[in-house]
Amino acid sequence: MTGTPAAQQPMLDVRELVRHYAQAGQAAVKAVDGVSFQIARGETLALVGESGCGKSTLARMIMALDKPTSGSVLLEGVDLSALSRNRLNRLRKKFQIIFQDPYSSLNPRMTVHETLAEPLVLHQIVPASEIPARVSRLLSCVGLTSAQAQRYPHEFSGGQRQRVGIARALACEPELIVCDEPVSALDVSVRAQVLNLLQDLQEEFGFSYLFISHDLSVVRHISHRVAVMYLGRLVEIGATEAVFMHPKHPYTRALLSAIPIPDPNIPPSRISLRGELQSTGASLAGCSFAPRCTNADDRCTAIAPVLENAGPNSRIACHHWRNLAAFDRGISQEQREPPAYVAAILARMSQEAAKTP
Amino acid sequence: MTQQSVAVAAPRSARTTPRALQRLLKDKIALVMLILLVLIILGAIFAPLLTSFDPYRTSLRNRNVPPGALHLFGTDEQGRDLLARVLFGIRLTLASGFISLFLGGIVGTAIGVCAAYYKRADNILMRAMDTVLSFPAILLGLAIAGISGPGTWSVILALAISTVPPIARVARSSALSVVNQDYLVAARALGLGDPTILRRYVLRNCAPSILVYVTLRFGQVILLGASLSFLGLGAPPPAAELGTMVSQGRALLFTAPHVALVPCFAIFIIVLILNVLGDAARDIFDPKIQQ
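Residues numbered from 1 in each chain as written. Chains lettered and ligands numbered in written order. Predicted model: local features only at pLDDT ≥ 70, side-chain atom pairs only at ≥ 80, totals over all residues. Heavy atoms only, no water.

A. A look at the nonpolar core. Ranked by internal contacts, the top residues of the largest apolar core, which has 54 residues, are B:Ile90, B:Leu184, B:Ile197, B:Tyr201, B:Val202, B:Leu242 and B:Ile270. Elements that contribute at least two residues to this core include exactly helix H2 (28-45), helix H4 (82-117), helix H6 (137-148), helix H7 (152-179), helix H8 (182-190), helix H9 (194-230), helix H10 (242-249) and helix H11 (258-285) of chain B. A total of 13 residues in this core trace back to one element, the largest contributor, which is H9(B). Among residues more than four places away in sequence, those in contact with B:Val202 are B:Val113, B:Tyr117, B:Ala175, B:Val178, B:Leu184 and B:Ile197. With 39 residues, the next largest nonpolar core counts A:Ile166, A:Cys172, A:Leu197 and A:Ile222 among its residues. (Core = buried A, V, L, I, M, F, W, Y, C linked by side-chain atoms within 4.5 Å. Buried < 20%, exposed > 50% of the residue type's maximum accessible area, 1.4 Å probe, protein only. Helix = DSSP H or I, 4+ residues; strand = E, 2+ residues; numbered from the N terminus. Contact = heavy atoms within 4.5 Å.)

B. Structural context of the pairing of strand E1 (residues 12-23) of chain A. Residue and element names in this part refer to chain A. As judged from the five bridges shared by E1 and strand E4 (residues 70-75), these two strands associate in the antiparallel manner. When the sheet's bridge partners are listed, Val 18 is paired in E4 with Ser 70. One ladder, built from nine bridges, connects E1 with strand E2 (residues 26-39); its direction is antiparallel. By the bridge assignment, Tyr 21 is partnered in E2 with Val 29. The turn joining E1 and E2, which pair antiparallel and follow one another in sequence, is formed by two residues; a positive phi near 75 degrees is taken by Gly 25. (Pairing = 2+ DSSP bridges.)

C. Spatial organisation of the pairing of strand E9 (residues 225-230) of chain A. All names here are of chain A. Across the six residues that make up E9, a large majority, six, are buried. Every second residue of E9 is oriented toward a common face, with Arg 225, Ala 227 and Met 229 on one face and Val 226, Val 228 and Tyr 230 on the other, all of them buried. Across four bridges, strand E3 (residues 44-48) lies against E9 in parallel orientation. For Leu 47, the partnering residue across the bridge sits in E9 and is Ala 227.

D. Molecular detail of the interface of chain A and chain B. Tallying the contact residues gives 33 residues for chain A and 26 residues for chain B. A buried area of about 2,800 Å², summed over both sides, lies between chain A and chain B, and 54% of it is on carbon and sulfur atoms. On the chain A side of the interface with chain B, the three residues burying the most area are A:Leu65, A:Arg109 and A:Glu118, jointly 22% of the side's total. Between chain A and chain B we count three salt bridges in total. With a closest N to O distance of 3.1 Å, B:Arg204 and A:Glu114 form a salt bridge. (Buried area = accessible area lost by both parts, 1.4 Å probe. Salt bridge = Lys/Arg side-chain N within 4 Å of Asp/Glu carboxyl O.)

See below:
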């Protein structure tokens, strides 16, 4: 799915990104501690991990809203932190963000039209005379009507607001969209609609997505590759199906085993982690997951594992991944179908598509 | 498409204003007060048309005349018509209150919003505000009058300076709740410049609470201004100013009480009206109730 020629520049190249927050009298909080990955054009990379593992900090640095302590973010080969403020602001139309909370991501004192026209004017996407037409096109893109353009955000439901937020991100014709948990604040039925919308838009316009989520079923549905983050570091990155079917890192296994399997014939095989989530302030010499890992030994607590290649398109940060017993969630092919609510909507959509030639 | 959206938009945007108006109409006391205030302002503006008396012409034969048919509010110890003087006094008092609030409001809002938005400037700006706040307005007025001499502009300046810190605090606290919202992050992610973000995002969302506070503050400013001129820091004696008039009538409190009581009553009514309206404005414009 990702198949890009090696010569082609990645859309986004994150190199050894570090963000430490200094604390008076205490060790610095290592929110992001040396994260590297790339996203190809038209690819969706999902970033998963529990709360507080540094996902949102990473997103803020990629959006150049927060300065990294060290490391760099390259957008089409351009280092964002090396740009002047003016040049950065001009480049910002190429990468946009969709927020988690649709209730706080829209200015309550601006109509939808104002919100959507703003990026068009700022980046001179279309001439002034075409702005109303473009705004209604953006609205129809996300399934809203142009009659709703003169309303204020509080007149919309959560799902509709999130659509407006997506339309705003689309307005400046970006190439990369960072989705910071875009559906976790929405209820299940709306969630599927928004996810499908994001996928359709990707097919139409060829966006790259960095899709931050903690909802693994959503991730499996939408992403091409998955990166698993634990306490500021990537522990595993690989093609979605490979990671979901054969997770290699102990943390990924524990995370995936928490997804309930809707089949009474399969005995629950939940891996319980011992201990508590570490504080990011504690500086560990070894693997940050070692205190909670059942396979940890002296080497794990002494030396931090680095991401190493573990097959095509797969990288693991673990000393023992070769020696771990094979992990199979025992999910047959049928059960890997999208969740029922998604399937129902997909079926309805294909029916409607069939009706209209 | 566009025409359709405009057509649909018209009744919608028109609906927001009547919503505030509807609330006002429900609040009967506020409505009465608003009508009274409008009447008083109109009376102050058209004072020369309402009374044939010159507020500055003395008439030694008609000194200390009690309220009656000819002189509705009576005359003072130099025989000047008190109705004319009160009307002109209200004019001066309201104008100086408004000007000082306007100046103080603009400076205070700018300081408060900048303190909230530029985290580095926060401490410097707000500690400076605390310093100003530690001087009572009366003391400030005395100092300014000492430097530039008593006069209406000294009072306005003292009132404006004493208005800046509280407005800066209100502006800062309401701006702080805005700067952490995702829509501000979105604005920065779009590449908008700071002036646009401050104006279109921060200020637009803070404006209601600042306006409500300014309305509440108006009554206090009038009262303070009157106190300052009562102490002799305002316009010098021949001028028709409410505080100065009270101060002059004080000596005659037992022989001709109306000379002091009439301007007192005028101050009382104006401050009462402005306070009630300030409370009403808070209820009407509270964004939480609106949503």
